[in-house]
Amino acid sequence: MRHILLLSALMLSPALMPVVAHADSASSVEGKVQTLPDGAAVYKHVCQGCHMPDGKGAEGAGARFPALAGNPKLQSAEYPAYVVLNGFGGMPWFGVALNDQQVANVVNYVRTHFGNHYNDTLKPEDVAAMRPHLTVEDE
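These remarks concern the structure in this document. (Residues numbered from 1 in each chain as written. Predicted model: local features only at pLDDT ≥ 70, side-chain atom pairs only at ≥ 80, totals over all residues. Heavy atoms only, no water.)

## Details of the overall build of the protein
Rule in force here: We count a stretch as a helix when DSSP gives it H or I for four or more residues in a row; a strand needs E for two or more, and each element gets its number in order from the N terminus. The cut-offs for exposure are 20% and 50% of the maximum accessible area for each residue type, with area from a 1.4 Å probe on protein chains only; residues under the lower value are buried, those over the upper are exposed, and the others partly exposed. Contacts were defined at the residue level, with two residues in contact if any of their heavy atoms lie within 4.5 Å.
Assigned secondary structure in the protein consists of five helices and two strands. Each helix and strand of the protein, placed in order from N terminus to C terminus, yields the pattern α-α-β-β-α-α-α. Buried residues in the protein amount to 31% of all 139 residues. Taking the intrachain contacts of the protein between residues at least 6 apart in sequence as the baseline, contacts between residues at least 24 apart amount to 56%.

In structure tokens:
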């Protein structure tokens, strides 16, 4: 009987209650992402879980994560910056979690790695101009 009571108490513990996360947003990330020194670090900590360490994407279990390797859509730096800021399809938006420098860094990283050779550089001020207007509730 004591085992049942202990098990019941553990199951009702707030520490073990599930955390609500929304699949269509980056709201599972609390506040700003930690300081990450460059685009490689942002990619590793934020992007590679879906787009894979080699940037080749993945498919399965009803999901498709597009390849960034050799992706012609990366020719314009504004396109990946827009997607990172606003999300697209199943990708959450990271406009609240990443600052302008982090977005620029990861876009520049992806555009110059994984077989991509787009050398024009996206600047943080370019990202700031693209950033969606957020309400206090969103921030």
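The rest of the description comes next.
## Brief notes about the side chain of Asn71
Mapped onto the elements, Asn71 comes out in the loop between strand E2 (63–65) and helix H3 (78–86). If near-sequence neighbours (up to four positions away) are discounted, Asn71 is found in contact with Asn116 and Tyr118.

## Overview of the layout of surface pockets
What counts is decided by this rule: Computed over the protein atoms alone on a 1 Å grid, cavities are sets of points where a 1.4 Å probe fits but cannot get out and pockets are open sets with protein on both sides within 12 Å along at least five of seven lines; a residue lines them when it has an atom within 4 Å of a point. Grid points are joined across faces, edges and corners, and a volume is the space filled by probe spheres set on the points. Three categories are distinguished: nonpolar for Ala, Val, Leu, Ile, Met, Phe, Trp, Tyr, Cys and Pro, charged for Asp, Glu, Lys and Arg, and polar for the others, with Gly belonging to the last.
By volume, the largest pocket amounts to about 620 Å³. Looking at the largest pocket, it is lined by 25 residues, and the ones nearest its centre are His51, Pro66, Leu68, Val83 and Met91. Broken down by secondary-structure element, the contributors of at least two residues to the lining of the largest pocket are helix H2 (39–51), E2, H3 and helix H4 (100–112). Grouping the amino acids of the lining of the largest pocket by side-chain chemistry returns 19 nonpolar, four polar and two charged.

## A look at the packing of aromatic side chains
So the rule is basically this: Side-chain rings of Phe, Tyr and Trp (the six-membered ring for Trp) are treated as a pair once their centres are within 6.5 Å; stacked means planes under 30 degrees apart, edge-to-face means over 60, and tilted covers the remaining angles.
Across all of its chains, the model carries three aromatic pairs by this definition. With centroids separated by 5.1 Å and ring planes inclined at 45°, the aromatic side chains of Tyr43 and Phe114 adopt a geometry described as tilted. You can see Tyr43 sitting in helix H2 and its partner Phe114 sitting in the loop between H4 and helix H5 (124–130), a full 71 residues away along the chain. Both rings, one in Tyr109 and one in Phe114, keep their centres 5.7 Å apart while their planes meet at 90°; by these two values the pair is edge-to-face.

## With respect to the nonpolar core
Formally: In this text, buried Ala, Val, Leu, Ile, Met, Phe, Trp, Tyr and Cys residues form a nonpolar core when linked through side-chain atoms within 4.5 Å.
Counting 23 residues, the largest nonpolar core has Tyr43, Val103, Val106, Val107, Val110 and Leu122 as the members making the most contacts within it. Counting only elements with at least two residues in this core, the list comes to H2, H3 and H4. Of the residues forming this core, the biggest block, six residues, is contributed by H4.

So, to be careful, I would describe these as geometric facts and stop short of saying anything about function.
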